[in-house]
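# Structural overview
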Amino acid sequence: MLTGVPEAIFYILAGIILGSAVMVVSLKNIFHCALFLVLCFFGVAGIYILLSAEFLAAVQVLIYVGAITILMIFAIMLTAKLYSAKIRQSNEQVIPGIIIVAALLVATIFTLSRTAWKLSYETAEAQSTIGIGKLLLTKYVLPFEVVSVILLTALIGAIIIARKE
Amino acid sequence: MVGLSHYLVLSTILFCIGIFGVLTRRNAIGILMSIELMFNAVNINFVAFSKFITPSEFVGQIFAIFVITIAAAEATVGLAIVLLIYRNFKGIYVDNINIMKW
């Protein structure tokens with residue numbers, strides 16, 4: 001690969017992710033927020049590809065972009081009045097929120113810049129999908145089954161919570 | 001060379017943006033969106049650690065898959081609760097919903 005290309009892709013993707021994330025938390029129209037959320041999830045999928053996790057990138061696009069965001073847009077359509085841009089969308093905690101978040105950011109980045117990570121320089125296996133599939137059905141089969149029961153429970157719970165009495 | 005710290009800083013900033021959204025949004029759906037941003041930041045961390053620290057096994061990626069699944073379940077139940085709140089309170093602005101405060 002050409003030198004400099006992965007860096008450029010990383011910085012472009014990071015710009016897309018962070019810019020659209022800021023839009024998600026700051027825009028007034030909640031529907032536009034949902035659209036920027038889609039853009040942010042696509043950027044994260046690009047980061048997964050850059051980290052050579054192709055299966056996870058596909059899962060990200062399928063579940064986050066395809067399912068969760070559509071669910072959010074459904075909920076927005078069913079609840080909010082879309083064209084009421086006069087409604088305040090943020091509470092009066094914006095200034096304390098910025099201070100707290102900036103403090104957390106500085107503390108976390110300070111900590112992780114002083115941590116010595118045990119980096120490993122083995123070459124990764126080329127096909128992550130095969131390895132993930134094998135591990136999911138052998139070593140991690142119990143969490144796999146538990147998580148499917150959790151999904152079923154959430155499905156039934158959502159129906160029972162949202163139905164009319 | 002894009003190293004581990006690049007990804008960690010990216011995910012830290014994304015997580016902080018998500019926390020800011022949770023702290024300041026009035027709309028319950030906006031809060032759920034900010035929570036999804038935080039889930040994504042955590043997943044970037046998992047995959048980055050998986051690539052740079054244990055590249056021969058896929059534990060981080062498998063954990064990220066579980067996180068995505070739990071996030072889907074959380075979004076489903078959360079939006080069902082939002083619909084129920086909308087039906088009972090005629091609005092989803094969380095500063096009006098304070099029946100559990102006294």
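Keep in mind it's a predicted model, so treat the numbers as computed, not measured. (Residues numbered from 1 in each chain as written. Chains lettered and ligands numbered in written order. Predicted model: local features only at pLDDT ≥ 70, side-chain atom pairs only at ≥ 80, totals over all residues.)

## Section: the overall build of chain A
Scanning chain A from terminus to terminus reveals six helices and zero strands. In chain A, the order of α-helices and β-strands from amino to carboxyl end is α-α-α-α-α-α. For 165 residues, the compact-globule estimate of 2.2 N^0.38 gives 15 Å, and chain A exceeds it by more than 25% at 20 Å. The C-alpha extent of chain A, read off along each of the three principal axes, is 55 × 40 × 30 Å. Counting every position in chain A, which comprises 165 residues, the buried fraction comes to 22%. At a minimum sequence separation of 6, the contacts of chain A that also span at least 24 residues come to 56%. (Helix = DSSP H or I, 4+ residues; strand = E, 2+ residues; numbered from the N terminus. Rg over C-alpha atoms; globule rule 2.2 N^0.38 Å. Buried ≥ 20, exposed ≤ 12 C-beta atoms within 10 Å, placed from the backbone. Contact = placed C-beta atoms within 7 Å.)

## Topic: the overall build of chain B
Looking only at helices and strands, chain B features three helices and zero strands. From first element to last, N terminus to C terminus, chain B shows the α and β order α-α-α. Reported as C-alpha extents along the three principal axes, the dimensions of chain B are approximately 50 × 25 × 20 Å. Taking all 102 residues of chain B together, the buried fraction comes to 53%. Looking at chain B alone, contacts between residues at least 24 apart form 49% of all its contacts between residues at least 6 apart.

## Regarding the interface of chain A and chain B
The interface is formed by 72 residues belonging to chain A together with 61 residues belonging to chain B. Contributions of two or more residues to the side of chain A that touches chain B are made by α1 (5–26), α2 (30–50), α3 (54–79), α4 (94–113), α5 (128–137) and α6 (141–162) of chain A. No other element matches α3(A), which puts 11 residues into the side of chain A that touches chain B. Broken down by class, the residue content of the side of chain A that touches chain B amounts to 54 nonpolar, 13 polar and five charged. (Nonpolar A, V, L, I, M, F, W, Y, C, P; charged D, E, K, R; others polar.)

## Things to note about the nonpolar core
Counting 64 residues, the largest nonpolar core has A:Y48, B:L14, B:I29, B:M33 and B:V47 as the members making the most contacts within it. Elements with a minimum of two residues in this core: α1, α2, α3 and α6 of chain A together with α1 (4–24), α2 (28–52) and α3 (59–89) of chain B. With 13 residues, the single largest contributor to this core is α2(B). What B:I29 contacts, discounting residues up to four positions off in sequence, is A:I30, A:M72, A:A75, A:I76, B:V82 and B:I92. (Core = buried A, V, L, I, M, F, W, Y, C linked by C-beta atoms within 7 Å.)

## Details of the packing of α6(A) against α3(B)
Packing of α6(A) against α3(B) brings their axes to within 9 Å, and their N-to-C directions diverge by 10 degrees. With respect to α3(B), the axis of α6(A) lies roughly parallel. Side by side, α6(A) and α3(B) meet where A:P143, A:V147, A:I150, A:L151, A:A154, A:L155, A:G157, A:A158, A:I161 and A:A162 of the first sit next to B:F66, B:T69, B:I70, B:A73, B:T76, B:V77, B:A80, B:I81, B:L83 and B:L84 of the second. Its residues assigned to classes, the contact of α6(A) with α3(B) shows 17 nonpolar, three polar and no charged. (Axes fitted to C-alpha atoms, helices over the stretch in contact; angles between N-to-C directions. Parallel < 35°, antiparallel > 145°, perpendicular 65-115°, else oblique.)

## Quick look at the confidence of the model for chain B
Residues and elements named next belong to chain B. Looking at chain B, the pLDDT average stands at 89 and 99% of residues meet or exceed 70. Mean pLDDT per element in chain B: α3 is the minimum at 90, and α1 is the maximum at 93. Among the prediction metrics, the complex's ipTM stands at 0.90, with pTM recorded as 0.91. (pLDDT = per-residue confidence, 0-100.)

## A look at the environment of B:N27
Here B:N27 shows up in the loop between α1 and α2. In the structure, B:N27 is positioned 66 residues away from B:Y93 in sequence and 4.8 Å away in space, judged by C-alpha atoms.

## Points about unusual backbone geometry
With a phi close to 55 degrees, A:S52 is a non-glycine residue in the positive phi region. Within the secondary structure layout, A:S52 lies in the loop between α2 and α3.

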